[in-house]
Every structure is written in C-alpha cells, then in structure tokens.
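Coordinate analysis (summary)
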Amino acid sequence: MFLLFFFTFVATVCSQSQLLPGSCDFESSTCGYTPDTHFMSWTLNKDGRFVTVDHQEAGGGEEGDDGGGDDDAAAAAEAAARRGEAGSLGVLLSPVLDQEEWSCLRLVYQISGAGSLEVQLRSEGKAADRPLWSSQSPSDSWVAIEARPGEMADSSVAVFEIHISSGYCLECDFEETHLCGYRNQWNTNVNWYIGGAVVLPAQRNKKTGHFMYVDSIYAKTFKEVAKLVSPMTTVPLSGCLSFQYRRGEEPGNLFSVYTRDQLGQYQELWNASASENQRDWTMDPAVWAPVQVDLKAPYPIQVIFEVAFNSQRGGRVTVDDISFSSEFCSADTEPTFDPSIANCDFESGFCHYTQDSTGGSPWTRLSVKPNVFRNGDHTTGAGTFLLAHSMLGPRSGYVSRLVGPLLPGNMKYCLRIHYSLRGFSQTEQALVVYLQQENSVQEKLWTPGERSKGMWIANDITFQTSQPSKLLFVSVCRSLWDCGSVALDDISLSLGDCELKAGLSLSVPGLCDFEAGLCGYTQDKRGDAGDWMWRRGSTPTSYTGPRGDHTTGLGYYVHMEASPMLPGQSVRLRSRPLRASRAAQCLSFFYHMYGSGVGELRVLLALDGADLPLWRRRGEQSVAWLRAAVEYRAESQHRIVFEATRGPSVRSDIAIDDVVFANGPCKEIKSHATNGTTTSNEIE
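Below you will find a few notes about this structure. Residue numbering note: each chain is counted from 1, following its sequence as written. Selection of residues for local features in this predicted model requires a pLDDT of at least 70, selection of side-chain atom pairs for listing and counting requires 80 or more, and totals for whole chains, interfaces and linings are taken over all residues. Remark: hydrogens and water are excluded; side-chain values derive from all non-hydrogen atoms of the structure.

Moving on, we get to the overall build of the protein. Helix and strand counts for the protein stand at two helices and 43 strands. Using a 1.4 Å probe on the protein chains alone, a residue whose accessible area is under 20% of its type maximum counts as buried, one over 50% counts as exposed, and one in between counts as partly exposed. Counting the 684 residues in the protein, one finds 52% classified as buried. Here, Shrake-Rupley sampling with a 1.4 Å probe gives the accessible areas, and only protein chains in the shown set may cover a residue. Total accessible area on the protein stands at roughly 30,900 Å², and carbon and sulfur atoms take up 50% of it. Strands here are runs of E lasting at least two residues and helices are runs of H or I lasting at least four, both read from the DSSP assignment and numbered beginning at the N terminus.

Bringing the packing of aromatic side chains into the picture now. A pair of Phe, Tyr and Trp rings is counted when the ring centres sit within 6.5 Å of each other, with Trp represented by its six-membered ring. The angle between the planes then sorts it: under 30 degrees is stacked, over 60 is edge-to-face, the rest tilted. Counting across every chain of the model gives 31 aromatic pairs. Seen in terms of ring centroids, F174 and Y182 are 5.7 Å apart; in terms of plane orientation they differ by 70°. Their pairing is edge-to-face. The burial state of F174 is the same as that of Y182; both residues are buried. Ring centres of Y521 and F642 lie 6.5 Å apart, and the angle between their planes is 50°; this geometry places the pair in the tilted category. Separated by 121 residues along the polypeptide, Y521 in the loop between β32 (511–512) and β33 (522–523) and F642 in strand β41 (residues 639–645) bring together distant segments of the chain. For the pair Y521 and F642, one class covers both residues: buried. As a reminder, the over-ring test applies to NZ of lysine and CZ of arginine, requiring each to be within 6 Å of the ring centre and within 35 degrees of the ring normal. The aromatic ring of F211 is capped on one face by R246, whose charged end is 5.4 Å from the ring centroid.

What follows is about the state of the cysteines. The rule for a disulfide is simple: a pair of cysteine sulfur atoms within 2.5 Å. In the structure shown here, the tally under the stated rule is eight disulfides. Between C414 and C498 runs a disulfide, and the two sulfur atoms are separated by 2.2 Å. Judged by the torsion about the S-S bond (110°), the C414/C498 disulfide is right-handed. Separated by 84 residues along the polypeptide, C414 in strand β26 (residues 411–422) and C498 in the loop between β31 (485–495) and β32 bring together distant segments of the chain. Residue C414 is classed as buried on the basis of its relative accessible area, which comes to 6%.

The next subject is the sheet that holds strand β17 (residues 253–261). For two strands to pair, DSSP has to find at least two bridges joining them. With respect to topology, five strands assemble into an open sheet ordered β12-β15-β20-β17-β18, the strand pairing being antiparallel. Lying at the two open borders of the sheet, with one neighbouring strand each, are β12 (183–185) and β18 (266–271). Adjacent strand axes in the sheet meet at a mean angle of 30° when their direction is disregarded. Here nine bridges tie β17 to strand β20 (residues 301–309), and the two strands are oriented antiparallel to one another. Helix axes are fitted only over the stretch in contact, all axes being lines through C-alpha atoms; the angle between N-to-C directions runs from 0 to 180 degrees.

Right, let's get into the environment of Q292. Locating Q292 in the fold gives a position in strand β19 (residues 289–297). Given the relative accessible area of 56%, Q292 is considered exposed.

With respect to the helices, strands and loops of the structure, G454 is situated in the loop between β28 (442–446) and β29 (457–465). Measuring from C-alpha to C-alpha, the distance between G454 and R374 comes to 8.3 Å, with 80 residues separating the pair along the chain. It only takes one pair of heavy atoms within 4.5 Å for two residues to be counted as in contact. Dropping the residues within four chain positions of it, G454 is found in contact with N375, S420, L421, R422 and R547.

A word on the nonpolar core. For the purposes of this section, nonpolar cores are sets of buried Ala, Val, Leu, Ile, Met, Phe, Trp, Tyr and Cys residues that join through side-chain atoms within 4.5 Å. Of all hydrophobic cores here, the largest spans 39 residues; its most connected members are Y182, W192, F243, Y245, F255, W270 and F305. For this core, the elements supplying multiple residues, two or more each, are β14 (208–215), β15 (224–229), β16 (237–247), β17, β19, β20 and β21 (316–325). When sequence neighbours within four positions are dropped, the list of residues in contact with F305 reads Y182, W192, A226, K227, L228, F243, F255, S256, V257, V319 and I322. Membership of the second largest hydrophobic core comes to 33 residues, among which are F514, M593, V598 and L626.

The side chains of a regular strand alternate between both faces of the sheet. Counting buried positions over the five residues of strand β23 (residues 364–368) gives four, a clear majority of the element. By the bridge criterion, four bridges tie β23 to strand β24 (residues 384–388) in an arrangement that is antiparallel. Residue pairing for β24: R365 is matched across the bridge by L386.

Turning to the pattern of salt bridges, a few remarks are in order. Only one rule defines a salt bridge in this text: a Lys or Arg side-chain nitrogen within 4 Å of an Asp or Glu carboxyl oxygen. Tallying each qualifying case throughout the model produces twelve salt bridges. R572 is paired through a salt bridge with D611; the nearest N and O atoms lie 2.9 Å apart. With R572 in strand β36 (residues 570–574) and D611 in strand β39 (residues 610–618), this pair connects stretches of sequence that are 39 residues apart. On the basis of relative accessible area, R572 is assigned to the buried category, the value being 5%. Salt bridges sharing partners connect three or more residues here, namely D524, R572, R602, D611 and E643.

Of all five residues making up β24, five are buried, and the element is well covered by its neighbours. Residues T384, L386 and A388 point to one face of β24 and F385 and L387 to the other, with burial holding for every one of them. Across three bridges, β24 lies against β31 in antiparallel orientation. In the strand pairing of β31, A388 is matched with V486.

In spatial order, the strands read β33-β36-β41-β38-β39; together these five strands make up an open sheet with antiparallel pairing. Each end of this open sheet is capped by a strand with a single partner; those strands are β33 and β39. In the sheet, β36 pairs with β41 via five bridges, with the strands oriented antiparallel. Looking at the pairing, L573 lines up with F642 of β41.

Within the secondary structure layout, N253 lies in strand β17. N253 sits in the buried class, given a relative accessible area of 5%. N or O atoms within 3.5 Å of each other form a polar contact, as long as, within protein, one can give a hydrogen and the other can take it, and as long as residues adjacent in sequence are counted only when both atoms are side-chain atoms. Only 2.7 Å separates the side chain of N253 from the side chain of R247, close enough to count as a polar contact. Looking at N253, its side chain comes within polar contact range of the main-chain oxygen of G314, at 2.6 Å. Not counting residues up to four positions away in its chain, the partners in contact with N253 are R247, V307, A308, F309, G314 and V317.

Pasting the structure below:
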C-alpha cells in the first residue's frame, strides 16, 4: 500500500496562453530537459505525457568521484553508501532560460509511495542551487527539478506538466483548466464554480470567456461562506492588485478580499460594501466593476476572495481578470518599510541605536579574543558585542538603556536578539525589551525566563505597533552582589510574525544549520573510525565540546565524540556533489575546538579522486564558536569533506555548525586560530 499525492506548484503569471521556453507537457519528448548523469535517470513514459524516476532503479551505478579505500570492507561500505545516495535522488535539468522579468512556473506532478520533489534555480557561475521560493529567473539561468522517490517499494515521482509564463502567479483570467492554481475551499452548500457567457464588446475586450462565480441558491444556513483561494506567494510582493467583479443588487451577501498568511491569520484588503458606499455606486449585475487595491506582502500569503450569504436570496458574485503590478495603485501610497534599519551586529559601531544614559550607565562595546575561559561575540567569535554592567565596574547599581530607530505604526514585526547572561541571581530585570511609543509610554515585550549559563541564546519576539515606536533594551542592576553582566549581539528585525520565519533558512542556497538533520551531508566510511554525531546541548565529556549550538544556543550541531575513539582516529563528513565553477567560491562555517586534548580539524576538497587540503586548525582554540571562511576554486564536480581527528585524550571533542556555500570571494575575516590560552579583552 502506498500514499498518492497530487500537487500543483505555482510560483508567479501574466498571459496564460503565452508559454515561455522551458514549458513542456512531455507529450512526445522531454523538450530539452535532461537528467543529471550523476544521479538516477528520469524516464519518459512510452505513451508520453510524463517523466518519472522510480525507486526500483536504486542501486544502479556509482558516482565515481572519489577513490576507494585500502580496506575492502570499508570500500564496499562506501560504494554501497554512494549507490544508495545516487539511487535515491534524480535531478532533471531544463534547457537554458533567458527570462529577465518576473516569471511564473506552474508544475503538475505526482508522488507515489514515499518521496519528495524540489524545484531549484541554478544560475551560471554559482555553485549552490537556490530552492525556488522565488520565481524570479535571472539571465543565463535554468531550473533544476530534483526528486527523491524514497526507500519504500513502488515509490516514484512523476512530472506531468511544466508551464512557464511571464508575470505574477496571483494573476489569472480563468481561461485555462488549471485556474492558475486558484482553488475553491470546499463548503457543503456554497462554492465557487467556473462560468462562461457571452459578453458585450463594449464591456470587455473579448466576446466570450470564463470567470469564477458563487451563487446563494444553495445556501442552507445563516452566513454561508464561499472562499476562492490563490496559490501561496513565494517572494515578497508590494504593488497593486486589480480584478473585476459583478454583484447583484440583492442585499444578502458580503463580498470581501483578504490575505491569509501561513499561520492562517487574515487581514482584510477590501470589501464591496465599503467601496460601493464610498463611490455612491449603483450596482448593475450586467456591468463589470473594476477594483484596485494596494497589497503589501513581505512574507508568503494567499489572496482570498470571500462571499458570505445570509440566505438563498443573497444573489450571485462573479470575479475575473485578476492582475498584479509592482507599482502601487496610488502614488500617495508609502513604500514598504525596510526593517533592516534596526539590524546591527555592532562590529562597526552602534548602527542606528543610541544610548540613553540619563541616570544610568551606558552599554559598552567589547571584543574578546579567542580564549578558553570566556565567550567572544556571536557574530564571529572574535568580534564585537555590547555589554551592560560588570562586577568589575566602579558602581554597585546600574541602569543601561539602548534605544532603537523609529518604527512605523500599524505593523507586525519579528525581532531576533542574541543575549548572554552571567552571574545574575535574578533574571527578571537583567534584560528587558520594551516598545516605547512617541508619548514615552512603554510596553514590556520580553524578559528572559532563565539564565543562559554564559552561552549565546537566540530569542524571537513578535510584536505589533499601533503607532510609531522605538525598541528599548534595558538592563537594571540594583546591587553588586545580585548582578553579573548581560551581553547583547546580532539584533535583527523583519516584518511579520516570527513563526512565519521558521524554515526560511531552507530557502537560502548552500546553508545548513543542522536543525532538521544533516542537509544531505553523508558519513564518509573510507578509513574513518566513527561518525559525526548530530547533537543538541552539551557533549557527554566534561571540559570539552560546546554547551549548545551556534545558531540559537538551543538547537543542533554535529560533532566528533572523542571518548570511544583512539588517538589519531578520524571521522569524515562529506557534502553532496557540488558543481564546477571557474569563479571563486566561499565556504564559511562555525567550528568549536575546546578541550585540553583537542586534535585537528581539516577541510578537504574531494576532486578527481584526491583530497586536497583547504583549511586546518590544530589544538585547543577557544571555548567559543569561531567562524572560518575558506575561498577555493574547482572547475569540475567536487565535494567538501570535514575531517576531525582525535587528540591524545578524551577531551578532544570537535564540532561544526552553520555551514554556508556562497558565490564569489570571501569577505575579509580575521584569523581566529590560536594555540595559546591567554585572555585579552579590548573595550571601545
């Protein structure tokens, strides 16, 4: 028995009938789509109409990008692992596409059994594919379709249709059977249906056509509701949403348009009653009324056309010709606020934050060189952060206030901060975040519930402003004996609920924070003595390893557990195959090498059967997570290997987190390696 799923992926449209290159119905050919030979092959069905990749093909062929080991058993295990990896993944590449404007990709596919299907954007000169949460296709780009049929028998993934058209996916004239991804949200009595009628040329540019309508004739209860739901947007959108509608003179219906985010939260954009009253509109059911409404969607949303009926005499509502423009309907509409004005890592100063030192003590910018006694900053491990009070200070009581930039009202925000507390017996006033309105009224947003034990902890705070306001970070210390220090770093602000940001890292190409697993990294069995362990919290051995991950302090990372290994033994973690690129590529990651017996961490380039060293650190480095950046070039397919080697004692744990592959040269970064244990603080 297996599960059967049908999905329609829509990412953006303008003219439904004008399909662009890259579209294919697989009627008799693959239209220039080709399988990546390093993975499972896609097969065009003998009767046409779709291409598929099946689990039964698993086990065939090796990638052959790395050589075998000396030990036969290890070599056999490695070959089996590679066959399994290649045998569970199929990659289909489109021909080169040259879209320079917004485009809409519509994909109809089927998954049977266990499996997955991804659509990615592959751009020339870039080593990492980008998941298509966005439908924008830069010049000289092509789409990669990646399918994983899973391990169950009879599992398969099939692609039936690929439609690429210009414009935005919110747009639709309902002339195609797929309805541009719009769907009726089923109701027992009232629903949206496809309609068609002869239309006078004076009213519209076409004589016949299709539209969506809902009728009250089947309403049974009070307030029957019908909803026509758009596909979920995949990129931030700001502009003018337009559509046409017809509505009878009957007073028994309420026609509204809403947005709905991924959390199911609604926001009204427009309603017919208010619009018609404002324009003193006398509704003629035979006349199409145009509507334009400004839309600001900085996060994924659906547009919902909703009609509520009070009785069977509520009449009929018809909708057609939905379109979208990146320019606002009104020239007076203010542009979407850029929340990054409140972002700051404090590496180059206080950004747009100011100090309020009235009757208190200012926050201090501090940098801590890598050492084995005290954490550095969160950004790189050796950069700058803010510190409020210290037991070394000259006074026994402190009030430190940091004031952020002015934020517009009537908006919802997500604030992320990284903080660290030391020595506080009470945490209630150690760090408090307020929302300060222009009239100086303060609203308490958040305070830590427990000590952070000296680690950097990330916290997300959702808040909404009713009027222009500023963020205020306050730390209060009343008594020297009750207080220690509070550190603050990497403040970031975005629009929308913080829960909407969960999973956004998946849309960043080449990023792995290990929160959901190994991200396609595999254990290399060639000559190693164990595995990298996926872990949360501290490692089992005392006085070595991190106490938490780098991303949030409470998440996951991977590490080498030294206790079951012998000195000199290694563990190896391999990336997925990476494409060739003549341009420089930048690999960045965070590493943790704390413990008196720490051995060695190396980054290797697995290329043409050889392992080429790119980066190395040996011995104890710091109690903090440190950032490394490695620039390299590879003109053929390759992998990156993280190799950790155990040192002379069990206090030799090594960990990595937040691995990122980026295009272009690495930004300048100071070397964080040190073989000493001297503490050095620099305060600005």
